[in-house]
Structure formats: structure tokens, C-alpha cells
Amino acid sequence: MTRYRYTHTLAIALMAAMSLVGCSSGQETPDTTAQKAENKIPIDTALRSRLKDFAERPRPAGKFAFHVYDITAEKTVYGHNEDMSLPSASCMKLLSGVAGLHLMGCNYQYSTALYTRGTCKADGVWEGDIAFRAGLDPQLMPADLTPFAKTLRQKGVKRVSGRIIVDLTITDPVQSEQHWYPWDLSFSRYGLLYKGAPRVMKHLKAALRAQGIAVADSQMVLGRTTRNFQCRYVHRLPIDEVVKRMWKNSSNTQATSMLYTIGHRANRKAHPVSAGVAYLRHFLQQELGLKDSTLVIHDGCGLCTHNRLSPRALTAILEYGYADSGIRSSLERNLSIAGVDGTLAREMGSSKLRGKIRAKTGTLSHPYGISSLAGLCEGSNGHVLAFAIMDSEMSVLDARVLQRKLCEALVK
């Protein structure tokens, strides 16, 4: 999307203006003047005609809805059943990703660190305690514990006299959401920190022993890292790496970890899943102004068939993200590109569409066909378009044909 030729800061100004409703003097401000000037940008009427024709064509039986929004002109181009709430499938990851980037910040980094308290004696005995402090890094695997152990070995540590404190943000393993189908998600693919305290302690012991550091099972304890510890080693993961796998590769494990991250930041007193879902609902209502009670959120990844979003909700999420320069960059980098990579690598690879569509796919084949596509493209008039098409109760193959035809109409 590097060819986009417009900047879109008006959405931020609009939100600020809305917050002042009720205390305004009634005089026209520079912001409202700019708003009126911006709103004079016309939409592509030929595109509107093509979309109307697309909506009226015969199609397979099933539920069908789409919405196309011109971000440049700040107007809807065309919608068909755009407020119908339908199963979102993995397009739910657009909501959790944009909300997570908004809440945490686009520069947020997951950190996992090794701390020490005490001194190393000449015989290699560490007189004191060691602490392993872990956040919610979803990509940390057992092999990634080796540098932590090597850090101690390089300081001459062969044995620890005190405790090895394992300081975890969550201690219980990830549980299935009640409506997930068991074959949809392999729990073995979750990062180590999502598999529960016993697994973390087991692999940490193994990493230390592999470096020649003697560790007794009784020394491994759950606890907290206090201020008198000194940090020795930090492993970091940028949030963008998580978003990339969520959007481009549609990773359910990474999206679930984002929900945990959101929940832990939003309310540390509640379970991160319930707190994360509550924040996503808050984000829809307060940040996007979508108060429709038919919009339903059960998870952050879209596996639950009870999730409900609408095409208008999906384009609103994209519009909101595009108004923020950091989130916009993430959308441009991390959405799948038609015919090039991610879940669209083998879709829409014709000369008409290849490289011209950046979008998030969503597919569930049960209990009936569910298929969604939402993303960004540049229209034939150079305007940035946000679009979403949602289908259910029809063949996924038929739904993908409809998605392709919509995209062809957008870039014609």
C-alpha cells in the first residue's frame, strides 16, 4: 500500500471534536471547516454502479453482505446488508489486532528476563537466588531458554545455593473456549509460556542442566521478582511479530495470546480472557461507536462460531486503524497480499488482482460454510478503499468466487 497518495488525519480530529459536544460555543472551528472541505471529495460513481450491479446479480443461496467505504472521501461507496451481523471467522483477528496495537502501542515489546541476587564464588556456587521473569511472549519456545542458561554459565555459575524463582504472568495453561471445535486448534503449538507453570519449570531446569548448572527440583519455586534483583539477560519480541502471524498467517494461537495481552493490560485483577473480551467489546462501542447489540465477541481469534460482526463493523475497524500512522503501517505490512503471500498466496493471483488487494481472510467450514474477507485497496481513482464481504450458509468455494468478483469491481 506504499502507493497511497492521501493522508487521513481527519478521523482523529473528528473523535476529539465529538468529545467536546455539549460544551461548544456553537462557533465554527478550524476543525469543522476542514471537515466540510474534506467531505467535498467525491466518491467514484462508476465504482458505486459496479457494486450495485454486483449486489443484484444472481448468486448461490446463503447469507451475503458487503460494505465498501472510501477512506479518502470519508463516505460509504455502497453496501448490501452491511449491518447484518454474521459469523466473522478469522476476520475477528482484525479487531483484536487493531485494538491490541491501540492499547499496547505499536512499539510495545514482550520481554522475558533473567535476574540474579547474590554473588558467584570461586568454586562456581552462586550464593543467592536466580529469578526467571516471564511476560506473555507467545513465540518463546523451550529452545529459547538456552541463552538464559548460557548467561549464568558464562558468569561461572555451576550450582545455585538459593532458590530459582519462576515469576510468571499466567500459571495455568490455555483452555479451549467452550464453542471451539477441538480439531481447529492444536494446543501443542502454543508458546511455552501458555502451557502452564509445570511445563515452564520443567524446560527451564532442562536448559540449566544442559549448561552444566546443577539444579535440584526443590529449588524451583513460583514467586515474584523483587527490586533487589539485578537484570542479567532480556529476550524481547516486538508486538508487530505477533500481529504479522495473526493477520498474514491467520494464527489462532497468536491471536489468543493477543487477547491475553489485552486482558492483562486492561484489567490485571480479572482472568485475561474475560478481561480481553470485555476490552474488545469496549473498543467496539467506545472507540468505534458501534453499539449494535447483535455484534458478539467470544474470543480474539474467530474460532467461535458464535462470534458476530458486520461488514460495516469490519470497515470501521480498518478505517480506525488507517487513521493511526503506526497501525496503518502494520496493516500495510502484515495483511496478506493477493496472489503473493499469507493466506492469499494462492488466491486472486490474476493480473487484475495480484498485489492489489491487502486483506484478512476468515474461513470456517462448520457447522456450515462461513467465509469472510476484509481489507484495503486502492481504487481506480486513487482513493483508499476499505471493504468487507461476509458469507455464510453457502459453500466456501462459492463464497470465495464472490470475494474475487467484489475485488475485481473495486480495482477495475
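Model, not experiment: these values are computed from the prediction. (Residues numbered from 1 in each chain as written. Predicted model: local features only at pLDDT ≥ 70, side-chain atom pairs only at ≥ 80, totals over all residues. Heavy atoms only, no water.)

1. Thoughts on the nonpolar core
Heads up, the condition is: The set of buried Ala, Val, Leu, Ile, Met, Phe, Trp, Tyr and Cys residues whose side-chain atoms join them within 4.5 Å is what this entry labels a nonpolar core. For every residue, the accessible area obtained with a 1.4 Å probe (protein chains only) is divided by the maximum for its type, and the residue is called buried under 20%, exposed over 50%, and partly exposed between those limits. Throughout, a residue-residue contact means that at least one pair of heavy atoms, one from each residue, lies within 4.5 Å.
By size, the foremost hydrophobic cluster in this structure holds 89 residues, and its most contacted members are Leu-94, Phe-132, Trp-247 and Leu-314. Those residues within four positions of Trp-247 in sequence are excluded, and the remaining contacts are Lys-93, Leu-94, Gly-97, Val-98, Leu-101, Ser-330, Leu-331, Asn-334, Leu-335, Ser-336 and Lys-360. In terms of nonpolar packing, the next biggest core, distinct from the first, is built from 30 residues, Phe-54, Phe-66, Leu-406 and Cys-407 among them.

2. Let's talk about the environment of Thr-146
Keep this limit in mind: Note on conventions: DSSP H or I runs of at least 4 residues are helices, E runs of at least 2 residues are strands, and numbering of each starts at the N terminus.
If you trace the backbone, Thr-146 turns up in helix H5 (residues 146-154). Spatially, the C-alpha atoms of Thr-146 and His-203 are 9.8 Å apart, while their sequence positions differ by 57 residues.

3. Section: the sheet that holds strand S1 (residues 63-70)
Going by this rule: Two strands make a pair as long as DSSP finds a minimum of two bridges between them. To get an axis, a line is fitted to the C-alpha atoms, and for a helix only the part in contact is used. The angle between two axes follows their N-to-C directions and goes from 0 to 180 degrees.
If you walk across this open sheet you meet the six strands as S2-S1-S12-S11-S10-S9, and the pairing is antiparallel. Of all strands in the sheet, those bounded by a partner on one side alone are strand S2 (75-80) and strand S9 (336-337). Strand direction decides the pairing type here: S9 and strand S10 (residues 357-364), joined by two bridges, are antiparallel. Following the sheet pairing, Ser-336 is matched in S10 by Ala-359. The strands that helix H3 (residues 45-56) touches are S1, S2 and strand S12 (384-392); relative to S2, the one it contacts most, it runs at about 15 degrees.

4. What about the packing of H3 against helix H12 (residues 396-411)?
Rules: By definition in this entry, angles of less than 35 degrees are roughly parallel, angles greater than 145 are roughly antiparallel, angles of 65 to 115 are roughly perpendicular, and the rest are oblique. We call a crossing left-handed when the near helix sits turned anticlockwise from the far one by less than a right angle, and right-handed when that turn is clockwise. Under the scheme applied, nonpolar residues are Ala, Val, Leu, Ile, Met, Phe, Trp, Tyr, Cys and Pro; charged residues are Asp, Glu, Lys and Arg; polar residues are all the others, including Gly.
Running from N to C, H3 and H12 cross one another at 160 degrees; their axes reach a closest spacing of 9 Å. Judged on the interaxial angle alone, H12 and H3 are roughly antiparallel. In this structure, H3 meets H12 at a crossing whose hand is right-handed. Two secondary-structure elements touch here, H3 through Leu-47, Arg-50, Leu-51 and Phe-54 and H12 through Leu-402, Lys-405, Leu-406, Ala-409 and Leu-410. Looking at side-chain class alone, the contact of H3 with H12 contains seven nonpolar, no polar and two charged residues.

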